[in-house]
Amino acid sequence: MKPSDRLVSLDVFRGITIMGMILVNNPGTWSAVYPQLLHAEWHGCTFTDLIFPFFLFIVGVAISYSLTKRKAQGGSMKSLYLNIIRRTVILFLLGIILNGFPFGLLFGHQFSWETLRIPGVLQRIAVVYFVAAFLFLTTSTKFQYWFTASILVLYAAVMSLIPVPGVGYANFEPGKNLSAWIDQIILGAHIWSGTKLWDPEGILSTIPAIGSAMLGIFTGNWLRSESDQKEKVVYLFIWANVLMLAGWIWSFWFPLNKNLWTSSYVLWTAGLALHFLGFCYWFIDVKKVTWWTKPFLVYGMNAITVFFLSGILGRIMYMVKWTDAAGNVVTIKSYLFDNFFLSWLEPINASLAWAIFYILFWLGLMWILYAKKIFIKV
C-alpha cells in the first residue's frame, strides 16, 4: 500500500501516538517527571494513560481499512487468515524479545527464563489484533456490536461481583482484585517485575482491551462509508461525546483504571480518540491542511519499528556502564543526561528535554527510511 493510498489522518494520528509512547517511556530520570507524563497511581486517567488505548483504537481503524482493501483485491480468505496469524506471532515475539533483551548475552545483564515477563505492550497488541481481525472477517457487524457491548458489561460484572479467592470479596484494589489473582495463578513469576502482584497487560484485562480495537473498527467502517465527509466528521464528534459521557457515568461504579483496563476506561479513551481522529480527519483529509503533518507521518509509517528499536536502544544505554574516577557507576544514559541536560536545566525540565531529544533522534533515523520509501511492516 502506497502512502498516497492511505487514510493520511490515521497515519498522522498513529505517528503522534507513537511519539507520545516514546515521550513517556524515556524520561531523563524517573525521579523528576511531570505528573501528566506518568500513569495515574491507580484510579484516574492522565495523558500517559491515553496513549496505549489510542494505539489499540488505531489498530481497529486500520483493520477495517486494510482487510477490506485486501478482500477487494481478490486475495483468498486463507491467505488473509495466515497473514493475521503471522503478524500476531511476530508482534508477540518482538514483545518477548523486548522484555528479555539482551537475554544475558551482553553487558552482564541478569536474565532468567523462570522470571521472563510474558505479557507486554506488543503482546497485548498482538492478541487484540488477532481477535479483532478474525471477528471483522468472520462475523457480521451486528454481532460485533453485541460482542463488544457484552465483553465490557461482563468484564465489569465479573470484576464487581465475583469474590477474589484469598481476599473474600470483589474489589478493585491493587494486587487484590480478580484480574491480579488470575495473573498470579497463571503467570506466576512471569508478571511485570514492577509489581510482582499483577501485570498492567495481564490476562483478564486484555479482554476489555479488545473493545478498544472494536470501537476503532466501527469508526473505520463509518469513515469508509459513502456518507458525506462533513457528515462523517459531525458524527465522529457526536459519538466521541457519547462515549466520553458514558465512560464518565460508568466510572462512578467501575472507575477509570488503565491497569485494570476497566470498561469505563475503554469508553472514555475511545471517545477522546474519536475527538482526536475527527480533528485530524477534518484538517488533513477534508480541508487538506497538511503542512504540519510530515514528522508525524514519518513516525506513523514505521510505528512498530521505531517503538521496538527505541526500546532496545533505551535498554542498551542502561546496560553499558563503567566506573568513573570517583568510583561512581556511570551508564551511557546517565553520562549523556547529566552532562548535556542536567548540567544546565532544572531536573524536571532536563528530564523532559531528554525525552524530546530522544524523539527527535529517532525522527531523524525514521526520516531516512521514509525518504527511501522503506516501510517495515510486521
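Residues numbered from 1 in each chain as written. Predicted model: local features only at pLDDT ≥ 70, side-chain atom pairs only at ≥ 80, totals over all residues. Heavy atoms only, no water.

Peer 1: Which residues make up unusual backbone geometry, and what values go with them?
Peer 2: Cis rather than trans, the peptide bond between Phe101 and Pro102 has omega equal to 0 degrees. Mapping Pro102 onto the fold places it in the loop between α3 (77-100) and α4 (121-138). You will see that Trp261, though not glycine, has its phi angle at about 50 degrees, which is positive. Position of Trp261 among the secondary structure elements: in the loop between α8 (229-250) and α9 (263-286). Overall, Trp261 belongs to the buried group, its relative accessible area being 0%. Positive phi, normally seen in glycine, also occurs at Lys288, with a value near 60 degrees. Among the secondary structure elements, Lys288 is positioned in the loop between α9 and α10 (294-300). (Helix = DSSP H or I, 4+ residues; strand = E, 2+ residues; numbered from the N terminus. Buried < 20%, exposed > 50% of the residue type's maximum accessible area, 1.4 Å probe, protein only.)

Peer 1: Can you explain the layout of surface pockets? Please cite residues and give values.
Peer 2: Regions of empty space are outlined by a rolling probe, equal in size to a water molecule, passed over the atoms. By volume, the second largest pocket is sized at about 870 Å³. If you trace the second largest pocket, you find 35 residues lining it, with Arg6, Arg14, Ala62, Ser66 and Arg87 closest to the centre. Of all elements in the fold, only α1 (8-25), α2 (48-72), α3, α4 and α11 (303-319) reach the threshold of two or more residues within the lining of the second largest pocket. The dominant element in the lining of the second largest pocket, judged by the number of residues it contributes, is α2, at eleven residues. Of the residues that constitute the lining of the second largest pocket, the class distribution is 19 nonpolar, six polar and ten charged. (1 Å grid on protein atoms, 1.4 Å probe; cavity = no way out; pocket = protein on both sides within 12 Å on 5 of 7 lines; lining within 4 Å. Points joined across faces, edges and corners; volume = space filled by probe spheres on them. Nonpolar A, V, L, I, M, F, W, Y, C, P; charged D, E, K, R; others polar.)

Peer 1: I'd love a proper account of the packing of α2 against α3, names of residues and values included.
Peer 2: Two elements in contact, α2 and α3, have axes whose closest approach is 10 Å; the angle formed by their N-to-C orientations is 150 degrees. Here α2 lies roughly antiparallel to α3, going by the angle between them. Here the hand of the crossing between α2 and α3 comes out right-handed. For the pair formed by α2 and α3, the contact residues are Leu67, Arg70 and Lys71 on the first element and Leu80, Asn83 and Ile84 on the second. (Axes fitted to C-alpha atoms, helices over the stretch in contact; angles between N-to-C directions. Parallel < 35°, antiparallel > 145°, perpendicular 65-115°, else oblique. Left-handed = near helix turned anticlockwise from the far one by under 90°. Contact = heavy atoms within 4.5 Å.)

Peer 1: Kindly report on the packing of aromatic side chains, identifying the contributing residues and their values.
Peer 2: Tallied over the full model, the rule gives 27 aromatic pairs. Both rings, one in Trp42 and one in Trp198, keep their centres 5.2 Å apart while their planes meet at 75 degrees; by these two values the pair is edge-to-face. Of this pair, Trp42 sits in the loop between α1 and α2 while Trp198 sits in the loop between α6 (178-187) and α7 (206-224), placing them 156 residues apart in sequence. Each member of the pair, Trp42 as well as Trp198, carries the same accessibility label: buried. With a centroid separation of 5.1 Å and 45 degrees between ring planes, the pair formed by Phe172 and Phe254 is classed as tilted. Here Phe172 is found in the loop between α5 (141-161) and α6, whereas its partner Phe254 is found in the loop between α8 and α9, with 82 residues between them in sequence. Each member of the pair, Phe172 as well as Phe254, carries the same accessibility label: buried. Grouped by ring-pair contacts, the aromatic residues Phe13, Phe54, Phe276, Phe279, Phe283, Trp292 and Phe296 constitute a single cluster. The side chain of Arg87 reaches across the aromatic face of Tyr129, ending 4.9 Å from its centre. (Phe/Tyr/Trp six-rings, centres within 6.5 Å; stacked < 30°, edge-to-face > 60°. Lys NZ or Arg CZ within 6 Å of the ring centre and 35° of its normal.)

Peer 1: Describe the pattern of salt bridges, and please don't skip the residues or the numbers.
Peer 2: This structure, assessed with the given rule, holds five salt bridges. Of the charged contacts, one joins Asp11 and Arg14 as a salt bridge, the two residues approaching to 2.5 Å between their closest N and O atoms. A residue pair is termed a helical-turn pair when its members lie 3 or 4 positions apart in one helix, as Asp11 and Arg14 do in helix α1 at three residues. Comparing Asp11 with Arg14 shows no difference in burial state: the two are buried. Via salt bridges that share partners, Arg117, Asp199, Glu201 and Lys258 belong to a single interconnected network. (Salt bridge = Lys/Arg side-chain N within 4 Å of Asp/Glu carboxyl O.)

Peer 1: Give me the environment of Phe307: which residues, what numbers.
Peer 2: Residue placement: Phe307 occurs in helix α11. Note on Phe307: relative accessible area 9%, which makes it buried. It is 23 Å that separates the C-alpha atoms of Phe307 and Thr195, two residues lying 112 residues apart in sequence.

Peer 1: An account of the state of the cysteines is needed here, citing residue identities and associated values.
Peer 2: Evaluation of the coordinates by the stated rule reveals zero disulfides. Lacking any disulfide linkage, Cys45 is separated from the closest cysteine sulfur, that of Cys280, by 18 Å. A relative accessible area of 0% means that Cys280 is categorised as buried. (Disulfide = S-S within 2.5 Å.)

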